[in-house]
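Here are the chains, one letter per residue:
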Amino acid sequence: MKAPLDLSRRRFLAAGAVLGGGLVIGFTVPSVRRLADGSVEGAVAAEPVPWVPNAFLRIGADDSVTVLLAHSEMGQGVWTSLALLIADELDADWMRIRVEHAPAAPAYGIAMLGGMQGTVGSRSVRSEFLRYRQAGAAARAMLVQAAAARWQVPVDVLRTDSGAVLHDGRRLRYGELVHEAAALPVPAAEALRLKDARDWKWIGKGARRLDAADKITGRARFGIDVKLDGLLTAVVARAPMFGAKLASFDDSAARAVPGVRQVLAVPSGVAVQADHYWAAKRGRDALKVEWQGGDKALGSAALIADFARLAREPGPIALEAGDVDAGMAQAHRTVEAEYRLPYLAHTPMEPLNCTVRIAPDGCDVWVGTQMQTLAQRTVAQVAGLEPAQVRIHTTFLGGGFGRRAVQDFVAEATHVARAAGLPVKTIWSREDDVRGGYYRSGFVHRIRVGLDRDGRPLAWRHGIAGQSNHPEREGVHPTSVEGVVDSPYVLGTSAHRVVAHSPRTAVPVWYWRSVGHSHAAFAMESMVDELAHASGQDPVAYRLRLLHDAPRHRRVLELAAQRFGWGRRPQSGRGHGIAVHACFGSVTAQAVEVSVRDGAIRVHRVVCAIDCGVAVNPDNVRAQMESAIVYGLSAALHGRVTIVDGAVRESNFHDYPALRIAEMPVIEVHVVDSGESPGGAGEPGTPPIAPAVANAVFQLTGARLRELPLTLPARARTRPTA
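In this text, all values refer to a predicted model and were calculated from it rather than measured experimentally.

Looking at the overall build of the protein chain
Reasoning step 1: Check the secondary structure of the protein chain and you find 20 helices and 32 strands.
Reasoning step 2: In terms of its C-alpha atoms, the protein chain occupies a principal-axis envelope of roughly 80 × 75 × 50 Å.
Reasoning step 3: Scored against the burial criterion, the 722 residues of the protein chain give a buried share of 61%.
Reasoning step 4: In the protein chain, of all internal contacts separated by at least 6 residues, the share reaching a separation of at least 24 is 76%.
Reasoning step 5: Accessible surface computed for the protein chain: about 28,500 Å², of which carbon and sulfur atoms make up 51%.
Reasoning step 6: Across the protein chain, the centroid of the 83 positively charged side chains sits 3 Å from that of the 73 negatively charged ones.

Brief notes about the sheet that holds strand 10 (residues 170-173)
Strand pairing within a sheet occurs via backbone hydrogen bonds; the two strands may be parallel or antiparallel.
Reasoning step 1: Spatial strand order, 8-9-10: 3 strands in an open sheet with antiparallel pairing. Each edge of the open sheet is held by one strand with a lone partner, namely strand 8 (159-161) and strand 10. With strand direction ignored, the average angle separating the axes of adjacent strands in the sheet is 30°.
Reasoning step 2: Here strand 9 (residues 164-167) runs beside strand 10; their pairing, made up of 4 bridges, is antiparallel. When the sheet's bridge partners are listed, Leu166 is paired in strand 10 with Arg171.
Reasoning step 3: On top of the sheet, helix 4 (residues 131-151) reaches strand 8, strand 9 and strand 10; it is set at about 45° to strand 9, its chief contact.
Reasoning step 4: Of the strands in this sheet, strand 8, strand 9 and strand 10 touch helix 5 (residues 174-182), which is tilted by about 70° from strand 10.

As for the packing of helix 16 (residues 517-534) against helix 17 (residues 539-546)
Reasoning step 1: The interhelical angle for the contact between helix 16 and helix 17, taken along N-to-C directions, is 105°, at an axis separation of 9 Å. Here helix 16 is positioned roughly perpendicular relative to helix 17, judged by the angle of their axes. From helix 16, Glu525, Val528, Asp529, Leu531, Ala532 and His533 reach across to helix 17, where they touch Pro539, Tyr542 and Arg543.
Reasoning step 2: Broken down by class, the residue content of the contact of helix 16 with helix 17 amounts to 5 nonpolar, 1 polar and 3 charged.

Some points on the side chain of Asp432
Reasoning step 1: With respect to the helices, strands and loops of the structure, Asp432 is situated in helix 13 (residues 430-436).
Reasoning step 2: Classification of Asp432 by relative accessible area gives buried; the value is 13%.
Reasoning step 3: Polar contacts involving the side chain of Asp432 include one to the main-chain amide nitrogen of Ser429, which spans 2.9 Å.

Considering the sheet that holds strand 21 (residues 390-394)
Reasoning step 1: The 7 strands are arranged 13-14-11-22-19-20-21 in an open sheet whose pairing can be described as mixed. Two strands close off the open sheet at either side, each with one partner strand: strand 13 (260-266) and strand 21. Put simply, the sheet's adjacent strands are angled 25° from each other on average, direction ignored.
Reasoning step 2: Bridging between strand 13 and strand 14 (residues 269-274) involves 6 bridges; their strand directions are antiparallel. Directly across from Ala265, in strand 14, lies its bridge partner Val270.
Reasoning step 3: Along the sheet, helix 8 (residues 277-285) contacts strand 11 (232-238), strand 13, strand 14 and strand 22 (424-427); its crossing angle with strand 11, the most-contacted strand, is approximately 25°.
Reasoning step 4: Its contacts with the sheet put helix 12 (residues 408-420) on strand 11, strand 13, strand 14, strand 19 (353-359), strand 20 (362-367) and strand 22, and the angle it makes with strand 19 is roughly 40°.

Comments concerning the packing of aromatic side chains
Reasoning step 1: Counted under the stated rule, the structure contains 11 aromatic pairs.
Reasoning step 2: Taken together, a centroid distance of 6.1 Å and an interplanar angle of 90° make the contact between Phe129 and Trp200 edge-to-face. Of this pair, Phe129 sits in the loop between helix 3 (124-128) and helix 4 while Trp200 sits in the loop between helix 5 and helix 6 (212-217); the two residues are 71 residues apart in sequence, bridging distant segments of the chain.
Reasoning step 3: By relative accessible area, Phe129 is classed as buried at 12%.
Reasoning step 4: In this structure an aromatic cluster arises from ring pairing among Trp79, Phe222 and Phe396.
Reasoning step 5: Between the NZ or CZ atom of Arg133 and the centre of the ring of Phe129, over which it lies, the distance is 4.7 Å.

Concerning helix 17
Reasoning step 1: Across the 8 residues of helix 17, 6 count as buried, placing the element largely inside the fold.
Reasoning step 2: Buried residues of helix 17: Pro539, Val540, Tyr542, Arg543, Leu544 and Leu546, and no others.
Reasoning step 3: The backbone nitrogen of Val540 has a side-chain oxygen 2.9 Å away, supplied by the residue at the start of helix 17, namely Asp538.

Remarks on the nonpolar core
Reasoning step 1: Counting 80 residues, the largest nonpolar core has Trp460, Met527, Ile601 and Val693 as its most contacted members.
Reasoning step 2: Tyr108, Val165, Ala220 and Val614 belong to the second-largest nonpolar core, a separate cluster that totals 53 residues.

Quick look at unusual backbone geometry
Reasoning step 1: Cis geometry marks the peptide bond from Leu708 to Pro709, where omega comes out at -5°.
Reasoning step 2: Positionally, Pro709 belongs in the segment after helix 20 (689-701).
Reasoning step 3: Positive phi outside glycine occurs at Ser122, with the angle close to 50°.
Reasoning step 4: With respect to the helices and strands, the residue Ser122 is situated in the loop between strand 7 (97-101) and helix 3.
Reasoning step 5: Owing to a relative accessible area of 16%, Ser122 belongs among the buried residues under this scheme.

Thoughts on the pattern of salt bridges
Reasoning step 1: With the rule as written, the count across this model stands at 48 salt bridges.
Reasoning step 2: A salt bridge links Arg58 to Glu100, with the shortest nitrogen-to-oxygen separation between them at 3.0 Å. Of this pair, Arg58 sits in strand 5 (residues 53-60) while Glu100 is found in strand 7, placing the two residues 42 residues apart along the sequence.
Reasoning step 3: Using a relative accessible area of 24% as the deciding quantity, one classes Glu100 as partly exposed.
Reasoning step 4: When salt bridges with common partners are traced through the structure, they connect Arg312, Glu336, Glu338, Arg340 and Arg446 into a single cluster.

What counts as what
Residues numbered from 1 in each chain as written. Predicted model: local features only at pLDDT ≥ 70, side-chain atom pairs only at ≥ 80, totals over all residues. Heavy atoms only, no water. Helix = DSSP H or I, 4+ residues; strand = E, 2+ residues; numbered from the N terminus. Buried < 20%, exposed > 50% of the residue type's maximum accessible area, 1.4 Å probe, protein only. Contact = heavy atoms within 4.5 Å. Areas by Shrake-Rupley, 256 points an atom, 1.4 Å probe, with all protein chains shown as cover. Lys, Arg positive; Asp, Glu negative; His and termini not counted. Charge placed at Lys NZ, Arg CZ, Asp CG, Glu CD. Pairing = 2+ DSSP bridges. Axes fitted to C-alpha atoms, helices over the stretch in contact; angles between N-to-C directions. Parallel < 35°, antiparallel > 145°, perpendicular 65-115°, else oblique. Nonpolar A, V, L, I, M, F, W, Y, C, P; charged D, E, K, R; others polar. Polar contact = N/O pair within 3.5 Å; in protein donor to acceptor, adjacent residues only side chain to side chain. Phe/Tyr/Trp six-rings, centres within 6.5 Å; stacked < 30°, edge-to-face > 60°. Lys NZ or Arg CZ within 6 Å of the ring centre and 35° of its normal. Core = buried A, V, L, I, M, F, W, Y, C linked by side-chain atoms within 4.5 Å. Salt bridge = Lys/Arg side-chain N within 4 Å of Asp/Glu carboxyl O.

Spelled out as C-alpha cells, the structure:
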C-alpha cells in the first residue's frame, strides 16, 4: 500500500512544495463553515474557517500531471470531468493526466457540504467548477513565470500548449520547469485570469475517460479488492427484525468450520472472522443466535396506510401563500388524487465492505465511501482516536446512490477490527444490505387543485407524509418537500399550501438517488398530466402554459417533445407520455413510448433533454442520463421493499429486480447548449421517468396509475389512441 500523503495544514500552506520530484500546487477558495453535528445537512458552527488550500495537483519531472480528486468516483465520471477542469486551464497534455483519490483532510471540504469532504447530491462538478480551474490556472501561471525567468523574457510573450511553454520556436516541457516553479509563490485566486469559454479545449467537449481502461482490464481497485498481509474477512449476523437486539449465541458449530478464526459479539450482532469470505459466511450460517425485542407488528402496508391518513390531515406547513380555501370555492372544477410510493433499497452493484487496520500510531481504512469526513470521524470515535490519526484510503465505488454516505458499515467494520486486534475486511452480502440496510422512505402525496374555466390552477393544496432522513430534527426537513415547495406549478398558483408530516418509525431511512425528488416528481408530473386531461388540453401545451415563467423548463420540454415527435399519432398498441422536472441545478424532460402486453408495461423508447448548465463532459452527461433512467425505471416498474412482521421480505435481485437487458428501451439524450452555471448530472435523470411512463400508460389504456411500482389493474384494457 502507498503511504498516505501528509496533508497537514503547514504543508498545504507551503507555497511551492516539491513532492516526489514534482510540483505540488495548492489553491484557495473563500472560507467555508464547518458542520457542527457531522451530518450531511446539519447546522453549522459560528466560527469561520480561514482560507486554506483545499486541493492540489502534482506535476512530475516526467511531465506527468496528477490530479488529486477531492470526491469519490462511483461510476459517475468525476475521475475524468474534474480532471478536465484542471487540464484545460493548465494547457496540459491529456495523455499525461493521472488521477488519484485524495485522502480525507479538511483541505478537501466543499462549501456545499459545510466544509466536509464528500460526494452526494450531484455536487461534484457544481462545487469544483471554479476552484479546480483555479488550480490549473495557478500552476500554469507559475510554470510560465519560471520559463520567463529562464529565458529572460516577459511573461506576456509566452504561450502554453499540450504540457509545454512556448516562445519563438523554443519549447520547455512542464517537467523541466517544476523545480523553478516550486520556488515561486502561488498566485492569489483574484489574480488569476481564467480562460474565456470560447478558448476551452476540453470543457464542453470532453475527452477519453481516464478510468475506463483500468475498469475494463480489472486493474481498478474497489474496496472489495483490498488485500493486506494477515487480512481476515468477516461477515456479521445482524438482527432479522428492525429494533431487535442480540440476546445470546452459540458459536460452537461456527468455530468448527475450516478457516474460521474468531467469533465475536459486536454492537450490530455477531461477527465471524475467517481466512476468506466463504468460510466466514459458512461460519455465520452455522451460528445459533437468539434475538430479543423488535416490533413484530411493523409492516410496510400499515405504514403506507398511515401515511395516507396523515397526508389528508392538517400538519406542519412547509409552504403557504394566499387563501387556498377561497381559491377552491371559486374554482370552476377541482381535481384531487393520491399518489403512493413504496420503501426502496439502494442496491449498489458492489456489496458494502470496509477494511480496517488499527495500529499504535493510528488507523488505516480502505473503503468506498461517499463521505470521507464522516467516515474519518466515525472511525475515530469507535477506535478511540483523534480524526487526524485516521487515514481514509478511498477506493473506487461500485455504485453508491446515497447508501455509501451512511457510516453504519464503516462503524461496524471498525468495531470488528478493534475486537479482533487484527486487520479485517468486513463484507456485506446482497441479502445483508437489502434486509438490514437503509431505505428510501415510502411516501404518500395527497393533492387537490382548483382550476379556472381555462384550466389554470387557482388553488393548490398538497399534503405529504413519509419518514424524514433526519428524524432527530423537529419540523419539516427540506429533503422531504423538495420538488414541491420549489415547483413552478405550485409557486405559479397564487393560493397554495404544502403540509408535510414526518412520522418516526423503526425503519432506518436515508438519501436515495435524487432524494426527495424521487417521490415528488412522480406526484407533481402525474398531477399536472391529470390537470391537462381534465382541462381537455394537450399535456405538452398545457405544461408550457403553466411554465411561462420557467424558461429552462420550457426549453427542455420543447426539445424533448420535438425530438420525440410529440403530437403524432402513436402506432397501434403504443402510448406516449411526458414529464419535466428540475433538481440539483438542472432541468430534465423525458418523453416515452410504452406498450402493454398481458398486463406488463414495456418501455420502448425514451427521449431525454437536459439543461445542466455548462456540460463539462457532454458524453458523460449522456451516460449519466442513461444510468439514471435505468435506475428510475427499475424503481418505477419493479421496486418495492415489503416489510412484514418487522422484517424485510426481499433479499436479492431475484425478488428485488433491476431492469433487465431484455427490458432496456432505446434511449436518446440531448444536452442543451446552456450558458447557465453547471448543474448536477448524476441524479436529475431519475425523477421524471416514472411519471412519464405512468402518463403514457394512461394515454394507452385509460388507467391512471397513482402508485409505484406501476401495476395495471386486471380490468384495464388497451384502447385505441386518439
